[in-house]
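Overview (structure and organization)
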Amino acid sequence: MVSKRNILPEGLDTFPKLLARNAKQWANVPAYREKEFGIWQSWTWSQVAEEVDALAMGYLALGLNEGDYVAIIGRNRPYLYWAMLAAQAAGAIPVPLYQDANAEEMAYVLEHCGARFIVAEDQEQVDKVLEIQDGLPAVEQIIYYDKRGMRKYEHTHLNAYEHVQAEGRAGNQRLAPVLAERQAKLGEDSTCVMLYTSGTTGKPKGVVLSNTNIIASAKASAEFDHLNAGDSVLAYLPMAWVGDFIFSIGQSCWTGFCVACPESPETMQADLREIGPSYFFAPPRFFEGLLTNVMIRIEDASPLKKRLFHKFMAHAKKVGPDLLDGKPVSFIDRLKYRIGDFLIYGPLKNTLGLSKVRVGYTAGEAIGPEIFEFYRSLGINLKQLYGQTEASVFITQQPDGQVRADTVGVPSPGVELKIADNGEVFYRSPGVFVEYYKNAESTADTKDAEGWVATGDAGFIEESSGHLRIIDRAKDVGKMADGGMFAPKFVENKLKFFPNILEAVVFGDGRETCTAFINIDLNAVANWAERNNVAYGSYQELAGHKQVYDTIQSHIEEVNKSVALDPMLSGCQVHRFLVLHKELDPDDGEMTRTRKVRRKIVGEKFNDLVDALYSDATKVSTETEVTYEDGRKGAIKATLELRDVAVVPVVKEVAA
Amino acid sequence: MSESYVTPDGRTIGGKVLEMRNITLRFGGVVAIKDISFDIREGEIRAIIGPNGAGKSSMLNVINGFYHPQDGEIWFHGEKRKPMKPYQIAKQGIARTFQNIALFKGMSTLDNIMTGRFNQMKTNMALQMIWKGPAEREEQENREIVEKVIDFLEIQAIRKTPVGALPYGLQKRVELGRALAAQPRLLLLDEPMAGMNVEEKEDMSRFILDVNDEFGTTIALIEHDMGVVMDISDRVVVMDYGKKIGDGSPDEVRNNQAVIDAYLGVDHG
């Protein structure tokens with residue numbers, strides 16, 4: 001058993017202590033920024049400490065007890081980060097919630113943690129809470145930040161954020177000693193925060209993270225990437241997500257860097273450009289979307305600009321990643337890259353708001369190698385990491401100079417890894433969560449007595465580099481009829497890297513061969529159709545178009561070639577496919593709200609199509625029920641073509 | 001009706017802001033408005049409805065001084081109003097939006113809304129060109145007011161977008177923004193929801209109610225969507241062929257036989 005004692009430096013083992021240090025050490029350094037009324041407003045660390053104290057004392061005045069849970073609902077705003085810090089300062093535990101959660105999902109979490117205090121951003125969130133309040137006897141006080149539209153509400157249990165702060169300031173004499181007393185009791189084992197996992201399977205679970213978990217992870221990762229008080233980050237990902245808590249509270253308080261909040265979710269791109277963060281995180285989807293936009297705009301640019309762009313991008317692809325990794329590059333190539341940087345890369349990075357990015361991360365899902373290389377060739381140090389809420393984010397990450405598209409890096413500092421016999425990845429670290437709140441059973445299922453945590457992902461450690469490669473969700477990994485490993489996501493990700501393919505679902509568990517459903521990406525394919533004068537009347541017609549089938553077939557054949565190279569997974573080549581007549585949709589239950597395909601449901605719903613793929617037929621007729629956005633239901637009929645795809649013959653190694 | 005009244009949702013409506021007394025407006029031989037009287041009270045949302053060609057827009061144009069009625073009197077805040085130019089009336093605190101969007105299409109959202117502050121700017125053009133001292137200060141003050149309007153209408157993302165490139169629903173919102181930038185005491189809205197889809201109408205209704213609630217602005221609006229009118233207005237004037245055929249709360253108007261006849265048609269046989 002790894003001892004968790006004394007991992008943190010003396011005097012810096014809780015957030016109130018970190019905040020006090022920052023207020024002294026970086027008194028006049030900006031800690032938070034937010035764009036409001038068209039201007040970036042900023043708060044220094046000493047101002048933040050004052051705001052947090054005032055709110056914490058306000059909480060006390062309203063009767064917040066030690067160990068209470070304080071739910072925080074809203075988008076990324078400094079005030080809500082302070083609401084979390086203030087909860088910690090008052091000896092309570094912050095529980096940030098997803099602001100787009102519906103009332104029912106919110107009710108479950110609020111009931112489960114028994115929150116007495118709720119800090120809501122605005123009227124919309126207050127309304128949601130009031131709607132479900134009858135089922136939540138524990139809720140006593142609701143504090144809202146934005147006063148708009150709130151005047152007519154009954155205010156016996158409602159308070160404006162600034163009034164709570166004013167109350168706290170007024171009671172300073174009386175409340176400051178109580179606050180100090182409560183903070184003195186906190187230590188490295190006190191609960192720092194409780195975060196609910198999004199719950200793709202079953203109800204959300206409350207992950208309890210201690211100060212050690214968060215601060216040790218923040219410290220280790222900040223040192224790994226040499227983050228310091230001069231860095232800045234844009235906080236735009238949901239506050240309820242562990243990553244945001246680590247970046248915007250953990251690492252920020254540890255290193256003293258500045259957290260900037262966008263003006264509104266829609267202005268994120270413009271705000272990104274204005275702030276020019278040096279440390280940036282985004283899911284692969286963000287980088288994909290950005291690249292697609294760039295490419296569309298280049299298509300519309302003048303011929304000269306287009307030629308310059310393509311010429312220099314080709315050069316960047318050749319030497320950019322090597323330059324970033326510090327590998328030797330000839331003088332002429334360096335010179336050419338410098339010219340390209342002046343003409344193309346620099347202005348492009350500036351437009352994207354990524355000029356100053358020193359450390360960039362992407363995680364959550366696999367990123368297409370092409371997309372990944374594009375950003376790296378521009379000189380943006382984009383890296384991958386692999387993490388979980390239960391690990392306080394970091395399990396593995398890529399060190400500078402060892403970045404590749406197909407791995408997720410080496411174990412983060414302090415993390416131990418092991419791979420079980422079935423391929424599942426286990427880890428152990430100071431960041432490992434304390435428990436699932438009120439759920440000893442799940443805790444025991446996930447974390448064993450020695451502190452090893454099951455990730456639920458299957459993967460292996462590459463011997464040549466020591467990097468971890470993730471193959472698939474462990475429960476999705478199956479066996480082909482001949483005993484070979486079946487990893488659908490591995491193949492699907494390769495397929496999805498083609499811009500024309502939005503989603504792919506690969507079948508083959510327990511069968512001789514693999515087959516696939518394909519969803520075309522309407523944006524990309526419609527754009528192609530327009531440029532090539534292909535007429536079509538509907539999504540369905542475009543999806544069934546012969547030339548579209550031809551294109552998809554060539555994509556799959558390319559994927560087969562690359563899959564055949566992998567000795568473990570060469571049996572997963574796709575033999576037959578069809579292009580679906582409708583987009584997979586969360587409203588029809590085919591995907592989760594976070595747009596992850598529900599493989600099992602798709603397989604059951606379209607079982608006639610799956611059967612057809614494993615028959616000799618070349619065509620199949622089907623009828624599918626669809627749900628429209630307003631909840632009405634309808635049906636669409638279609639006749640789909642089934643196509644065979646060339647596969648690369650695999651020479652089976654003779655077992656020794 | 002007494003001097004003030006309380007609405008079902010608990011707002012207190014004050015005294016008369018504007019009173020139209022026996023207004024008649026003629027264009028040559030055509031009588032657009034025939035001897036109409038009604039009032040608008042402090043803090044209320046007052047709707048003017050009626051079939052096409054009933055004279056609703058003419059009525060708004062009379063209120064804000066585009067048209068001068070041949071007969072009748074207009075009383076504003078207890079004083080009889082002399083014939084005035086539209087800009088003079090605007091200076092008294094009356095702002096409006098138009099049925100067909102009347103924005104500067106090539107200018108950004110921000111600049112368009114900024115024009116709503118024009119009447120409040122005092123420095124002369126020469127100073128504004130040098131942009132020093134008072135001119136700079138004045139622009140900053142006005143920009144602050146405009147930014148609050150942008151925040152209020154949640155259009156930060158289109159602050160710098162040319163208005164011509166915006167979808168219709170957003171253009172309508174920008175136009176409302178320009179009217180709000182003038183910080184009017186009385187806001188006239190000419191079909192704020194025409195041509196919008198259901199969601200855009202809901203948003204616009206919310207903004208109208210919020211303007212009324214947050215700033216206490218008195219609002220007079222013309223609207224065709226009966227559902228919206230009945231939901232958000234406190235009192236309704238009904239016009240038909242230039243005449244007033246009904247006046248009262250939405251419920252009273254709904255049950256008024258003359259109104260039903262005007263909307264559903266009556267058997268003239």
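Per-residue pLDDT for chain A averages 89, and the proportion of residues at 70 or more is 96%. By mean pLDDT, strand E22 (residues 478-479) of chain A is the weakest element of chain A at 82, and helix H3 (residues 78-89) of chain A is the strongest at 96.

A separate point is the pairing of strand E17 (residues 416-419) of chain A. Residue and element names in this part refer to chain A. Pairing analysis gives four bridges linking E17 to strand E18 (residues 424-428), with the strands arranged antiparallel. Paired with Leu417 across the strands is Tyr427, a residue of E18. Here E17 folds back onto E18 in antiparallel fashion, the turn holding four residues, of which Gly423 has a positive phi close to 95°.

Let's shift gears to H3(A). Residues and elements named next belong to chain A. Here H3 spans 16 Å end to end across 12 residues, near enough to the 16 Å set by a 1.5 Å rise per residue. Most of H3 sits out of view: 12 of its 12 residues are buried. Every buried residue of H3 is accounted for by Pro78, Tyr79, Leu80, Tyr81, Trp82, Ala83, Met84, Leu85, Ala86, Ala87, Gln88 and Ala89. Phi turns positive, to about 80°, at Gly91, one or two residues after H3.

Considering all chains together, one arrives at 58 salt bridges over all chains under this definition. A salt bridge links Arg151(A) to Asp213(B), with the shortest nitrogen-to-oxygen separation between them at 3.3 Å. Of this pair, Arg151(A) sits in the loop between strand E6 (141-144) and strand E7 (158-160) while Asp213(B) sits in helix H7 (residues 198-215), each in a different chain. Judged by its relative accessible area of 11%, Asp213(B) falls in the buried class. In this structure, the salt-bridge partner of Glu462(A) is Arg404(A), at a minimum N-O distance of 2.8 Å. With Glu462(A) in the loop between strand E20 (453-461) and strand E21 (468-473) and Arg404(A) in the loop between strand E15 (393-397) and strand E16 (410-411), this residue pair connects regions lying 58 residues apart in the sequence. Judged by its relative accessible area of 12%, Glu462(A) falls in the buried class. Look at the salt bridges and you will find they share partners, linking Asp39(B), Arg41(B), Glu44(B), Arg46(B), Arg235(B), Lys244(B) and Asp247(B) into a network.

Residue and element names in this part refer to chain A. Among the six residues in strand E26 (residues 574-579), five count as buried, and that is most of the element. Of the strand pairs in this sheet, strand E25 (residues 514-520) and E26 are connected by five bridges, and their pairing is parallel. Bridge pairing in E26 places Cys514 opposite Val574. Pairing of E26 with strand E29 (residues 643-644) involves two bridges; the strand directions are antiparallel.

A word on the interface of chain B and chain A. Contact with chain B, which involves 13 residues of that partner, is made by 12 residues of chain A. Both sides of the chain B and chain A interface together cover about 1200 Å² of buried area, and 43% of this is carbon and sulfur. A per-residue breakdown of the area chain B buries against chain A is headed by Gln156(B), Asp213(B) and Glu214(B), which together make up 34% of the total. Here chain B and chain A share four salt bridges between them. Its salt-bridge partner being Arg148(A), residue Asp210(B) comes within 3.2 Å of it at the nearest N-O pair. The interface formed by chain B and chain A holds six residue pairs in polar contact (both at pLDDT 80 or more) in total. Counting residues per element, the ones that place at least two in the side of chain B that touches chain A are helix H5 (134-152) and H7 of chain B. Looking at side-chain class alone, the side of chain B that touches chain A contains three nonpolar, one polar and nine charged residues.

Read from one edge of the open sheet, three strands run E8-E9-E19 (chain A), paired in antiparallel fashion. Edge positions in the sheet fall to strand E8 (191-196) and strand E19 (435-436) of chain A, since each of these pairs with one other strand and no more.

The next thing to look at is the environment of Lys185(A). Residue and element names in this part refer to chain A. Position of Lys185 relative to the elements: it lies in helix H7 (residues 172-185). Along the sequence, Lys185 and Gly91 sit 94 residues apart, while their C-alpha atoms lie 8.3 Å from each other. Separated by 3.0 Å, the side chains of Lys185 and Glu66 make a polar contact.

The next thing to look at is the packing of aromatic side chains. Remark: the centre distance and the inter-plane angle together describe each pair of aromatic rings, the angle taken between the planes. Across all of its chains, the model carries 33 aromatic pairs over all chains by this definition. Ring centres of Tyr79(A) and Tyr161(A) lie 6.0 Å apart, and the angle between their planes is 80°; on these two criteria the pair is classed as edge-to-face. Taken as a pair, Tyr79(A) in helix H3 and Tyr161(A) in helix H6 (residues 161-170) lie far apart in primary sequence, 82 residues in all. Since its relative accessible area comes to 9%, Tyr79(A) is described here as buried. For Tyr161(A), a relative accessible area of 1% gives the class buried. Geometrically, the ring pair formed by Phe287(A) and Tyr375(A) is edge-to-face, given 5.0 Å between the ring centres and 65° between the ring planes. Of this pair, Phe287(A) sits in helix H11 (residues 284-299) while Tyr375(A) sits in helix H14 (residues 369-377); the two residues are 88 residues apart in sequence, bridging distant segments of the chain. One exposure class covers both Phe287(A) and Tyr375(A), and it is buried. A network of ring pairs unites the aromatic residues Tyr32(A), Trp43(A), Trp45(A), Tyr79(A), Tyr81(A), Trp82(A), Tyr145(A) and Tyr161(A) as a single cluster. Directly above the aromatic system of Tyr436(A) lies the positively charged group of Lys205(A), at a separation of 4.7 Å from the ring centroid. The ring of Trp75(B) has Arg21(B) lying over it, and the distance from NZ or CZ to the ring centre is 4.2 Å.

Residues and elements named next belong to chain B. Along its sequence, chain B is organised into domain 1 (1-93 + 184-269) and domain 2 (106-181). Put simply, the middle of domain 1 and the middle of domain 2, counted by C-alpha atoms, are 27 Å apart. Taken together, the contact pairs 20 residues of domain 1 with 11 residues of domain 2. Roughly 1300 Å² is buried in total at the junction of domain 1 and domain 2, and carbon and sulfur atoms are behind 73% of that figure.

Reading the values: the criteria
- Residues numbered from 1 in each chain as written.
- Chains lettered and ligands numbered in written order.
- Predicted model: local features only at pLDDT ≥ 70, side-chain atom pairs only at ≥ 80, totals over all residues.
- Heavy atoms only, no water.
- pLDDT = per-residue confidence, 0-100.
- Helix = DSSP H or I, 4+ residues; strand = E, 2+ residues; numbered from the N terminus.
- Pairing = 2+ DSSP bridges.
- Expected span 1.5 Å × (residues − 1).
- Buried < 20%, exposed > 50% of the residue type's maximum accessible area, 1.4 Å probe, protein only.
- Salt bridge = Lys/Arg side-chain N within 4 Å of Asp/Glu carboxyl O.
- Contact = heavy atoms within 4.5 Å.
- Buried area = accessible area lost by both parts, 1.4 Å probe.
- Polar contact = N/O pair within 3.5 Å; in protein donor to acceptor, adjacent residues only side chain to side chain.
- Nonpolar A, V, L, I, M, F, W, Y, C, P; charged D, E, K, R; others polar.
- Phe/Tyr/Trp six-rings, centres within 6.5 Å; stacked < 30°, edge-to-face > 60°.
- Lys NZ or Arg CZ within 6 Å of the ring centre and 35° of its normal.
- Domains from an automatic or database assignment.

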